[in-house]
Amino acid sequence: MAPQRRGAPKAPEGSGAAERRRQSSTKSIRVPRDVRKKWLRAAVLGSCTVLAACLFWGSLGGDDGITEVLAHRSEILPGRFIEVPCSEDYDSHRRFEGCSPRKCGRGISDAVITRDEARRIRSIAEKGLSLGGSDGGASILDLHSGALSVGKHFVNLYRYFGDKIQTIFSEEDFQLYRDVRQKVQLAIAQAFGISASSLHLTKPTFFSRINSTEARTAHDEYWHAHVDKVTYGSFDYTSLLYLSDYLDDFGGGRFVFMEEGANKTVEPRAGRVSFFTSGSENLHRVEKVHWGTRYAITIAFTCNPDHGISDPTLT
């Protein structure tokens, strides 16, 4: 039998179709990849934009939860008062008729202390704090007790520096301090309808200097929400005199009254006095300072004469 002639080998059936499918499949994959790349670039760009906005807002002192500004830094307020219901905090303390809070609230005024007085009293804080200062972001100077932040501790500046104090402060400094305290005391008495003579200065009353340095001890963590009447049982009325300007001297550092869903903030302005009853009706905190230096003085009053303290004297 003659051998059968075989033809050339045939290509596997469908190989061209498979190749075409592979090419088509490659093209179909490339399109979504291109789309994903574009989407990824857009997402990254969007995230960077949001981050930049957050950083910018943070640099201005923005803080979540602030829904209303009680006092803008640009305003000059002759007086603003908001009455709020009193808490029960005062019921566990001895009451003094005609003084202990029956009318509760918070007030702000730019008419009690002049900006020049604020500048001069700030110089007292600067001179005293130049003797020490905290390693963290919050430094304290208490002219009554003599407490001064130094590193991670406190010293009594009158004992620690002795006669040197006479070269740091002047009698005019202490007289200004007393005059300012009296003006603030009178403003509180008028706002709450009580006699100024029924109010007694109480401790702690102190200067504070806050900057953006990282906290080193618990004393540097000034930003936690608190109630003055709970923290300091003697407090009945609290006041703060601001000695520097929000957004000019520092960012962040606004005073915040904490209310569910409706926090209220006060923007510091040199010479501005913020005052309020010291119970839970005025739960509050201070925003973290992001840049610059914030100066203020806390001046506290009690209705209980047993908890009163005297004005500081140089000699």
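On a predicted model such as this, the values are computed, not experimentally measured, just so you know.

Cut-off values and rules
Residues numbered from 1 in each chain as written. Predicted model: local features only at pLDDT ≥ 70, side-chain atom pairs only at ≥ 80, totals over all residues. Heavy atoms only, no water. Axes fitted to C-alpha atoms, helices over the stretch in contact; angles between N-to-C directions. Helix = DSSP H or I, 4+ residues; strand = E, 2+ residues; numbered from the N terminus. Parallel < 35°, antiparallel > 145°, perpendicular 65-115°, else oblique. Left-handed = near helix turned anticlockwise from the far one by under 90°. Contact = heavy atoms within 4.5 Å. Nonpolar A, V, L, I, M, F, W, Y, C, P; charged D, E, K, R; others polar. Disulfide = S-S within 2.5 Å. Buried < 20%, exposed > 50% of the residue type's maximum accessible area, 1.4 Å probe, protein only. Pairing = 2+ DSSP bridges. Expected span 1.5 Å × (residues − 1). Arc of directions from axis to C-beta. Phe/Tyr/Trp six-rings, centres within 6.5 Å; stacked < 30°, edge-to-face > 60°. Lys NZ or Arg CZ within 6 Å of the ring centre and 35° of its normal. Salt bridge = Lys/Arg side-chain N within 4 Å of Asp/Glu carboxyl O.

> Before we move on, could you go through the packing of helix α2 (residues 115-129) against helix α5 (residues 171-192) and cite the residues and values that matter?
At a minimum axis distance of 10 Å, the contact between α2 and α5 shows a crossing angle of 125 degrees. Taken together, the axes of α2 and α5 are oblique relative to one another. Once α2 is placed against α5, the crossing between them reads as left-handed. Of α5, the residues touching α2 (which contributes Glu117, Arg120, Ile121, Ile124 and Lys127) are Asp173, Leu176, Tyr177, Val180 and Lys183. Taken together, the residues that form the contact of α2 with α5 break down as five nonpolar, no polar and five charged.

> Requested: an account of the state of the cysteines, with residues and values cited.
Applying the stated criterion across every chain, the model contains two disulfides. Here Cys99 engages in a disulfide with Cys303; their sulfurs sit 2.1 Å apart. In this structure, the disulfide formed by Cys99 and Cys303 twists by about -80 degrees around the S-S bond and is classed as left-handed. Linking Cys99 in the loop between β2 (80-84) and β3 (104-109) with Cys303 in the segment after β16 (294-302), this pair joins segments that are 204 residues apart in sequence. Each of the two residues, Cys99 as well as Cys303, counts as buried. Each bonded cysteine of the chain is numbered by sequence order, and under that numbering the disulfide pairs are 1-3, 2-4.

> Lay out the pairing of strand β13 (residues 273-277) in plain terms, naming residues and giving numbers.
Burial analysis of β13 places five of its five residues in the buried class, the great majority of the element. Side chains Val273, Phe275 and Thr277 of β13 all project onto a buried face; the interleaved residues Ser274 and Phe276 project onto the opposite face, where all are buried too. Bridge count between strand β9 (residues 237-242) and β13: five bridges; the pairing is antiparallel. The partner of Leu240 across the bridge, within β13, is Ser274.

> So what's going on with α2? Which residues, and what values?
Here α2 contains 15 residues, and its C-alpha end-to-end distance of 21 Å stays within 8% of the 21 Å for a straight helix at 1.5 Å per residue. Every buried residue belonging to α2 is among Glu117, Ala118, Ile121, Arg122, Ile124, Ala125, Gly128 and Leu129, and all of these are buried. Seen end-on, α2 carries its buried residues on one side only, within an arc spanning 145 degrees.

> Pulling in residues and values, what's your account of α5?
Think of an α-helix as turning once every 3.6 residues; residues three or four places apart then point the same way. Between its terminal C-alpha atoms α5 stretches 32 Å, which fits the 32 Å expected from 22 residues at 1.5 Å a residue. Positive phi shows up at Gly193, right after α5, with a value of about 65 degrees.

> Let's hear about the environment of Met258: which residues, and what values?
The residue Met258 is located in the loop between β11 (255-257) and β12 (263-266) in this model. Remark: the alpha-carbon pair of Met258 and Ala225, spanning 33 residues in sequence, is separated by 7.8 Å.

> Talk me through the environment of Glu83; I want residue IDs and the actual numbers.
Within the secondary structure layout, Glu83 lies in strand β2. If sequence neighbours within four positions are ignored, Glu83 has contacts with Lys103, Cys104 and Gly105.

> Provide a residue-level description of the packing of aromatic side chains, including the pertinent values.
Under the criterion given, the structure shown has 12 aromatic pairs. Here Phe257 and Phe276 contribute two aromatic rings whose centre-to-centre distance is 5.4 Å and whose plane-to-plane angle is 90 degrees, an arrangement assigned as edge-to-face. Placement of Phe257 in strand β11 and of Phe276 in strand β13 is noted, with a sequence separation of 19 residues between them. Residues Phe257 and Phe276 agree in their burial class; the two are buried. Put simply, the rings of Phe81, Phe192, Tyr237 and Phe275 pair up and form one aromatic cluster. Above the plane of the ring of Phe257 lies Arg106, whose end atom (NZ or CZ) is 4.2 Å from the centre. It is Lys288 that lies over the ring of Trp223; its NZ or CZ is 4.4 Å from the centre.

> Tell me about the environment of Phe250, residues and numbers included.
Looking at the secondary structure, you find Phe250 in strand β10 (residues 250-252). Judged by its relative accessible area of 0%, Phe250 falls in the buried class. In this structure the C-alpha to C-alpha distance between Phe250 and Thr293, which are 43 residues apart in sequence, comes to 5.3 Å. For Phe250, the contacting residues outside a window of four places in its chain are Ser244, Asp245, Pro268, Val289, Trp291, Gly292, Thr293 and Arg294.

> Please set out the pattern of salt bridges residue by residue, giving values where relevant.
Between side chains of opposite charge, a pair can form as their charged atoms come close. One pass over the full model with this rule turns up 20 salt bridges. For Lys152, the salt bridge identified is with Asp135, shortest N-O distance 3.6 Å. Taken as a pair, Lys152 in the loop between β6 (147-151) and β7 (153-156) and Asp135 in the loop between β4 (133-134) and β5 (138-141) lie far apart in primary sequence, 17 residues in all. In this structure Lys152 comes out as partly exposed when scored by relative accessible area, which is 44%. Residue Asp135 is classed as partly exposed on the basis of its relative accessible area, which comes to 36%. The partner of Glu287 in a salt bridge is Arg254, and the shortest N-O contact between them spans 3.0 Å. Of this pair, Glu287 sits in the loop between β14 (284-286) and β15 (289-292) while Arg254 sits in the loop between β10 and β11; the two residues are 33 residues apart in sequence, bridging distant segments of the chain. With respect to class, Glu287 is no different from Arg254; both count as buried. A single network of salt bridges, built from pairs that share partners, joins Glu68, Arg106, Glu259 and Lys264.

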